[in-house]
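# Structural overview for review
In case you want the letters, here they are:
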Amino acid sequence: MKKTPLLPAEELHAFVAQYFGKRQAYQNAVEKHGSPLWILEPAVLKEKADLFSRAFNRNFNTPSFYFAMKSNNLPDVSAAMLESGFGLDVSSGEELKTALALNARDIVFSGPGKTLEELTLAVRHRDRTIILLDSFGELERLKTLVPNADGGAPIRVGIRLMTTPEGLWKKFGIPPEELPRFWHQVKNSSTIDFQGLQFHSSWNLTPDRQVGFIRFLGTILKHMPKEFNQRVKFIDIGGGYWPGEGEWVHFCGTPEGIGTTSIEPNQADTNPTKSNPAHMPPHYRIPGTPIEEFSRILSREIQAHLFPFVNARICFEPGRWICHSAMQFLFTVIDKKDRDLVITDAGTNVIGWERFEMDYFPILNLSCSELIERPCRVLGSLCTPHDVWGYSYFGMDIQPGDLLMIPCQGAYTYSLGQRFIKSLPKVVRI
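Residues numbered from 1 in each chain as written. Predicted model: local features only at pLDDT ≥ 70, side-chain atom pairs only at ≥ 80, totals over all residues. Heavy atoms only, no water.

Turning our attention to the side chain of Lys48. Mapped onto the fold, Lys48 is located in helix H3 (residues 42–57). Although buried, Lys48 forms no salt bridge, and the nearest oppositely charged side chain, Glu245, lies 5.9 Å from it. Residue contacts for Lys48: discarding those within four places in its chain leaves Trp321, Ile322 and Ser325. (Helix = DSSP H or I, 4+ residues; strand = E, 2+ residues; numbered from the N terminus. Buried < 20%, exposed > 50% of the residue type's maximum accessible area, 1.4 Å probe, protein only. Lys, Arg positive; Asp, Glu negative; His and termini not counted. Salt bridge = Lys/Arg side-chain N within 4 Å of Asp/Glu carboxyl O. Contact = heavy atoms within 4.5 Å.)

So, in structure tokens, the structure goes:
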């Protein structure tokens, strides 16, 4: 079994140093707007969008890019993506309403279980929206709406393909083997214009899952009618691309064991109330593939396995890769209950889940900066023991009033924030 490598100290220190270098701008924002605070950096968003599009434009002819709004539903983020020439990938009627309000002109509507109300909204804006159908039932619901349409252009649709018939991912799409049945139901329609295919695999630290499905899809297209393959104008291969630094985690056995005290021999017997030093778990890095390598490999596989049968535009739905580093979270130490335990003014309701019990991101003490990491339980102010920000911080010391920051919290955190016990902080742009 291959062991997960440790996160190299020099890489971690370089990562931390770049944010310490901008600490004055972060401190100024908190002085003006208060703590806790979300920071959005639109320039970072646009830089990432440019890097992503350049990587794939290098190996694909006229690809299309759709920002996955579910990764960060802050409208300002989607607005920045539109300014960068991206379309929007929406997964609900609420997200579709936001995209329309932002005047997005190129929208793909994905996701399972679309309601009649949601489909009606998409039909009403069919000049801007392609519906990525998720099931035969969804196709039947759409058909009931078509006679009530206003006589305009046909409804553009694609079909999502199931990437695995096992486990919870069976929730999405139709089995690829059922494409002939789908084609039989739409090929003669004058009101539903079938235009393409979509599939999606998540947690793509490497291209392996996408490559495997591309090869499988090629075997399906090889046996589809020529008329079907000629109608395929786009193939949307989804997103799920991981940032290049990979995934950073800390493991100490079960989640219940993470962050527990490190007790010296017989200490528990001699003085059960004595405070014990916090344990700083080791940091591991699950490596990620650079996006340039994704582009090269996916281009090669698509050329070999799909383009012999279809002449299609290739579409991408990046979310995490784009917005990951564009938002930072700032909060303040309120209480120091022991030399190795502090309470902050923000709880993890801000990010919506117990992320940092397993995931690792460095906590930076902007008030007392130093490129040395010290053990300390940094906890939130919610009435739950799972309110964990981390088990260490970078700084010379940590005291009440110190301003802390966790960088790179733009993906699947802000969107998941919830009003559990405490309210949500505001967002400011810098």
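Another aspect to go through is the pattern of salt bridges. Side chains that differ in charge, positive against negative, can pair when their charged atoms come close. In this structure the tally under the stated criterion is 19 salt bridges. A salt bridge links Arg54 to Asp50; its shortest N-O distance comes to 2.9 Å. Residue Arg54 and its partner Asp50 are both found in helix H3; the two are separated by four residues, about one turn of the helix. On the basis of relative accessibility, which here comes to 41%, the residue Arg54 falls in the partly exposed class. Ionic pairing is found between Lys114 and Glu138, a salt bridge with its closest N-O pair at 2.7 Å. Of the two residues, Lys114 is situated in the loop between strand E4 (107–109) and helix H6 (116–124) and Glu138 in helix H7 (residues 136–145); the sequence distance between them amounts to 24 residues. Since its relative accessible area comes to 2%, Lys114 is described here as buried. Ionic contacts of the salt-bridge type, sharing partners, join the residues Lys114, Glu138 and Arg141 into one network.

Our next topic: the nonpolar core. Counting 115 residues, the largest nonpolar core has Phe52, Phe56, Phe194 and Trp389 as the members making the most contacts within it. Core analysis: the second largest hydrophobic core is formed by six residues, Ile130, Leu132, Phe234 and Cys315 among them. (Core = buried A, V, L, I, M, F, W, Y, C linked by side-chain atoms within 4.5 Å.)

With that settled, consider the pairing of strand E7 (residues 192–198). Taken across its seven residues, E7 has six buried, putting it largely inside the fold. For strand E6 (residues 155–160) and E7, the ladder comprises six bridges, and the chain directions are parallel. Each residue of the ladder has a partner; that of Val157, found in E7, is Phe194. Once you follow E6 into helix H8 (residues 179–186) and on to E7, the crossover reads as right-handed. Strand direction decides the pairing type here: E7 and strand E8 (residues 234–236), joined by three bridges, are parallel. From the neighbouring strand, Gly196 faces E8, where its bridge partner is Phe234. (Pairing = 2+ DSSP bridges. Right-handed = clockwise from strand over helix to strand, strands pointing away.)

Looking now at unusual backbone geometry. Pro36 follows Ser35 through a cis peptide bond whose omega is 0 degrees. Looking at the element boundaries, Pro36 is found in the loop between helix H2 (23–33) and strand E1 (37–40). One non-glycine residue, Cys408, adopts positive backbone phi at about 60 degrees. Relative to the assigned elements, Cys408 resides in the loop between strand E17 (403–406) and strand E18 (427–429).

Across all of its chains, the model carries zero disulfides by this definition. Of all cysteine sulfurs in the structure, the one in Cys323 sits closest to Cys315, which takes part in no disulfide; the separation is 19 Å. Here Cys315 falls in the buried class, since its relative accessible area comes to 2%. Cysteine Cys376 shares no disulfide, and the gap to the nearest cysteine sulfur, in Cys368, comes to 13 Å. Residue Cys376 is classed as buried on the basis of its relative accessible area, which comes to 1%. (Disulfide = S-S within 2.5 Å.)

The first and last C-alpha atoms of H3 sit 22 Å apart over 16 residues, in line with the 22 Å expected at 1.5 Å per residue. What H3 keeps buried is the set Pro42, Val44, Leu45, Lys48, Ala49, Phe52, Ser53, Ala55 and Phe56. Buried residues of H3 fall within an arc of 160 degrees about the axis and therefore sit on the same side. (Expected span 1.5 Å × (residues − 1). Arc of directions from axis to C-beta.)

At their nearest, the axes of helix H9 (residues 208–221) and helix H12 (residues 291–305) sit 9 Å apart, and the two run at 10 degrees to each other. Our classification of the angle between H9 and H12 gives roughly parallel. Note on element contacts: H12 touches H9 through Phe294, Ile297, Leu298, Glu301, Ile302 and His305, opposite Gln210, Val211, Ile214, Arg215 and Gly218. Partitioned by chemical class, the residues of the contact of H9 with H12 number six nonpolar, three polar and two charged. (Axes fitted to C-alpha atoms, helices over the stretch in contact; angles between N-to-C directions. Parallel < 35°, antiparallel > 145°, perpendicular 65-115°, else oblique. Nonpolar A, V, L, I, M, F, W, Y, C, P; charged D, E, K, R; others polar.)

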